[in-house]
Amino acid sequence: MYVAVNGTGKSKSVYIMQSFRKENGQTSSRVYRKLGRLEELLDRFSHDRDQLMAWAKKEAEKDTEEYNRKNGTVSVTFSQAASIPKEEERSFHAGYLFLQQLCTELRIDNICRKIRTRHRFTYDLHAILADLIYARILCPSSKRSSYSFCQSLLESPGYTLQNVYRALSVLAEESDFIQEELYRNSNFVHARNRQILYYDCTNYYFEIEQQDEDGLRKFGKSKENRPNPIVTMGLFMDQDGIPLAFDLFPGNQNEQTTLKPLETKIIRDFGCSDFIFCSDAGLGSKANRYFNSFGNRAYVITHSLKKMRKEDREIALNPSPFKVPGSDRLIDLRTLDETDEKVFHTVYYKEMPLISGTMEETVIVTYSPKYKAYQRKIRARQIERAEKMINSSGRKRRGKNQNDPARFIRKVSMTEDGEIAEKQVYDLDRERIEEEARYDGFYAVVTNLEGNVEEILKINQRRWEIEENFRIMKTEFEARPVYVRREDRIKAHFLTCYISLLVYRLLEKKLGKGY
């Protein structure tokens, strides 16, 4: 850098200039720092220009040194004769340090200290639990492989693999306590929004052929249509999409019966008693709705139009009268021009009273032209696949998936005269296609809330986040297939997956979902 005096007349100023090279290779200069106006600086140095310039050059030297310190090159000396000892680790994973900070804020170390007072063990439970969390997020695998991965961390484990398996038994026993403590401590990281609690169930499979006689691994209805034994997980999530609590149930247990035990635990141990419960229709049994109609609790639950009584279903699907949220004007859906952009993106609704014993409920039926177009597009693809199946010599039997395109195929074994046909003929089931098309664009929720319909519908729209939590555990965390066999270790496995999900979601909040 060098000193320059630029300007004309009384407007001259003293600058520190920096030379640089443009992208085309030509050299140029730019102002790095302005020292001041020439006249004012001369007054400071008794109009001694030489003394002024000497001071300015020293300032330029200081700026040069500071710039080089921050932007200069760093030289590293290597020796050609030196060699790395065989099997000595010289590179380490350090990305877990970001997760470590969150685990510290969640006070996992303090939780483990409290657990230690109730058990007799000499290993470092905190180190084991923290490393299992890091491994589940960064390199999900079996417990043995996770232990090997942790050897590559900057702070390698000071415990053995056998200590890991023993710690799993302790973690399983203390699962409820750990969840309760994590909930309280997480408020220091991100204030928990518990006005609305979402609940859902999923299941995870084991790569085994036999179920347990007395245990969690049972044959049941697999979400992934697998023939293996499964275990069911029930998960509560708060309004911000952060997991609140979970529990495990046998794979053959009715999902509707999983709600009450876990919700009771949340009310009792977490101090959550004033909230709106939200779930899908599969978990919205009359008993579960009744359970959430006491105290300061309410519910918003998806309602199946197809399972409604015939007279109620006819009223729900009747195109009149509907409304737009915020307006009392009655609308007949048959008069809508769905090619209009505004109409296409508008959601229309009607309210229907539902009396179930002593319960007074409201069914809110919505109609969306956009949702209708989406459903028709999906079904058109399924019909196309069904036609290909008809024209092929392959399987035409309907599978277990409710969206299997084979549901649109019917088998004709008789002639038009009612006689038994010599061969079976497959054709599209037009009646079934028309029946499904009746429901295009329609959706319903049942609630005991009174008030703004738009806000009630928004509550239900956030259910996708709990599905996202399950997706993260199954794909990014590879929570299944499950490799451990003992029931206590199975519980501990899903506890570490749950804590990892909690840490993952809190990290998202800290980053503002920017990554």
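Higher on the page you've got the structure.
Residues numbered from 1 in each chain as written. Predicted model: local features only at pLDDT ≥ 70, side-chain atom pairs only at ≥ 80, totals over all residues. Heavy atoms only, no water.

Peer 1: Just to check I follow, could you spell out the packing of helix H5 (residues 125–138) against helix H6 (residues 143–150) for this structure?
Peer 2: Packed helices, taken two at a time, are described by their axes: the angle between them and the distance between them. For the pair H5 and H6, the least separation of the axes is 9 Å and the interaxial angle reads 100°. Accordingly, the angle class assigned to the pair H5 and H6 is roughly perpendicular. Within the contact between the two elements, H5 uses Asp-131, Leu-132, Ala-135, Arg-136 and Leu-138 and H6 uses Lys-143, Ser-146, Phe-149 and Cys-150. The residue makeup of the contact of H5 with H6, split by class, is 5 nonpolar, 1 polar and 3 charged. (Axes fitted to C-alpha atoms, helices over the stretch in contact; angles between N-to-C directions. Helix = DSSP H or I, 4+ residues; strand = E, 2+ residues; numbered from the N terminus. Parallel < 35°, antiparallel > 145°, perpendicular 65-115°, else oblique. Contact = heavy atoms within 4.5 Å. Nonpolar A, V, L, I, M, F, W, Y, C, P; charged D, E, K, R; others polar.)

Peer 1: How do you make sense of the sheet that holds strand E6 (residues 243–250) when you look at a structure like this?
Peer 2: Where strands meet in a sheet, backbone hydrogen bonds hold them as pairs that are either parallel or antiparallel. The sheet built from 8 strands is open, its strands ordered E6-E5-E4-E7-E8-E13-E10-E9 with mixed pairing. Each of the sheet's edge strands pairs with one partner strand only, and the pair in question is E6 and strand E9 (348–356). Each strand of the sheet is rotated relative to its neighbour by a mean of 20°, with strand direction disregarded. Here strand E4 (residues 196–205) pairs with strand E7 (residues 276–279) via 3 bridges, running parallel. Its bridge partner being in E7, Ile-196 is matched across the sheet by Ile-276. Across the sheet, helix H13 (residues 369–391) lies against E9, strand E10 (359–367) and strand E13 (442–447), angled at about 120° from E13, the strand it touches most. (Pairing = 2+ DSSP bridges.)

Peer 1: Whenever I open this one, unusual backbone geometry confuses me. Can you help?
Peer 2: Most of the time, phi is negative for any residue but glycine, and the peptide bond is trans. Of the consecutive residues Ser-320 and Pro-321, the connecting peptide bond is found in the cis state with omega at -5°. Structurally, the position occupied by Pro-321 is in the loop between helix H11 (310–317) and helix H12 (341–344). In this structure, the amide linkage connecting Arg-480 to the following residue, Pro-481, adopts the cis form with an omega of 0°. Tracing the chain through its elements places Pro-481 in the loop between helix H16 (464–476) and helix H17 (487–511). In the Ramachandran plot, His-47 falls in the positive-phi region, its phi being about 60° despite a non-glycine side chain. Tracing the chain through its elements places His-47 in the loop between helix H1 (38–44) and helix H2 (49–71).

Peer 1: Could you clarify how one ought to interpret the environment of Lys-286 in this entry?
Peer 2: Topologically, Lys-286 is positioned in helix H10 (residues 286–291). The class for Lys-286 is partly exposed, based on a relative accessible area of 47%. Counting along the chain gives 281 residues from Lys-286 to Val-5, while the straight-line C-alpha distance between them is 86 Å. Non-local contacts of Lys-286, meaning those with residues more than four positions away in its chain, are made with Ser-356, Gly-357 and Met-359. (Buried < 20%, exposed > 50% of the residue type's maximum accessible area, 1.4 Å probe, protein only.)

Peer 1: I would appreciate a short explanation of the side chain of Ser-222 in the present structure.
Peer 2: Residue position: Ser-222 is located in the loop between E4 and strand E5 (230–237). Of the residues examined, Ser-222 reaches a relative accessible area of 8% and is grouped as buried. Within the structure, Ser-222 has its side chain in polar contact with the backbone nitrogen of Arg-226 (distance 3.3 Å). Other than its neighbours up to four places away in sequence, Ser-222 contacts Asn-203 and Ile-230. (Polar contact = N/O pair within 3.5 Å; in protein donor to acceptor, adjacent residues only side chain to side chain.)

Peer 1: Would you take a moment to explain helix H8 (residues 175–186) for this structure?
Peer 2: Structurally, the α-helix is built with 3.6 residues per turn, so residues lying three or four positions apart point the same way. Here H8 is 12 residues long and its end C-alpha atoms lie 16 Å apart, about the 16 Å a rise of 1.5 Å per residue gives. Of all 12 residues in H8, 10 are buried, a share of seventy percent or more. Where H8 is concerned, the buried positions are Ser-175, Phe-177, Ile-178, Gln-179, Glu-180, Glu-181, Leu-182, Tyr-183, Asn-185 and Ser-186. Tucked inside the fold, the buried residues of H8 contact helix H3 (96–105), helix H4 (108–116), helix H7 (161–173), E6, helix H9 (259–269) and H17. (Expected span 1.5 Å × (residues − 1).)

Peer 1: Could you clarify how one ought to interpret the packing of aromatic side chains in this entry?
Peer 2: What characterises a pair of aromatic rings is the spacing of the ring centres plus the angle enclosed by the ring planes. Going through the model one piece at a time under the given rule, you end up with 16 aromatic pairs. Relative to Trp-55, the ring of Phe-45 lies with its centre 5.6 Å away and its plane at 45°, an arrangement referred to as tilted. Taken as a pair, Phe-45 in the loop between H1 and H2 and Trp-55 in helix H2 lie far apart in primary sequence, 10 residues in all. Taking 6.2 Å as the distance between ring centres and 55° as the angle between the ring planes, the aromatic pair formed by Phe-322 and Phe-442 counts as tilted. With Phe-322 in the loop between H11 and H12 and Phe-442 in strand E13, this residue pair connects regions lying 120 residues apart in the sequence. What makes Phe-442 buried here is its relative accessible area of 11%. A network of ring pairs unites the aromatic residues Tyr-199, Phe-236 and Phe-277 as a single cluster. Between Arg-118 and the ring centre of Phe-177, over which it is positioned, the NZ or CZ distance is 4.5 Å. Its end group placed over the ring of Tyr-204, Lys-474 keeps NZ or CZ at 5.3 Å from the ring centre. (Phe/Tyr/Trp six-rings, centres within 6.5 Å; stacked < 30°, edge-to-face > 60°. Lys NZ or Arg CZ within 6 Å of the ring centre and 35° of its normal.)

Peer 1: I keep staring at the pattern of salt bridges and nothing clicks. Help me out?
Peer 2: Counted by the stated rule, this structure contains 36 salt bridges. A single network of salt bridges, built from pairs that share partners, joins Arg-33, Glu-59, Lys-62 and Asp-63. (Salt bridge = Lys/Arg side-chain N within 4 Å of Asp/Glu carboxyl O.)

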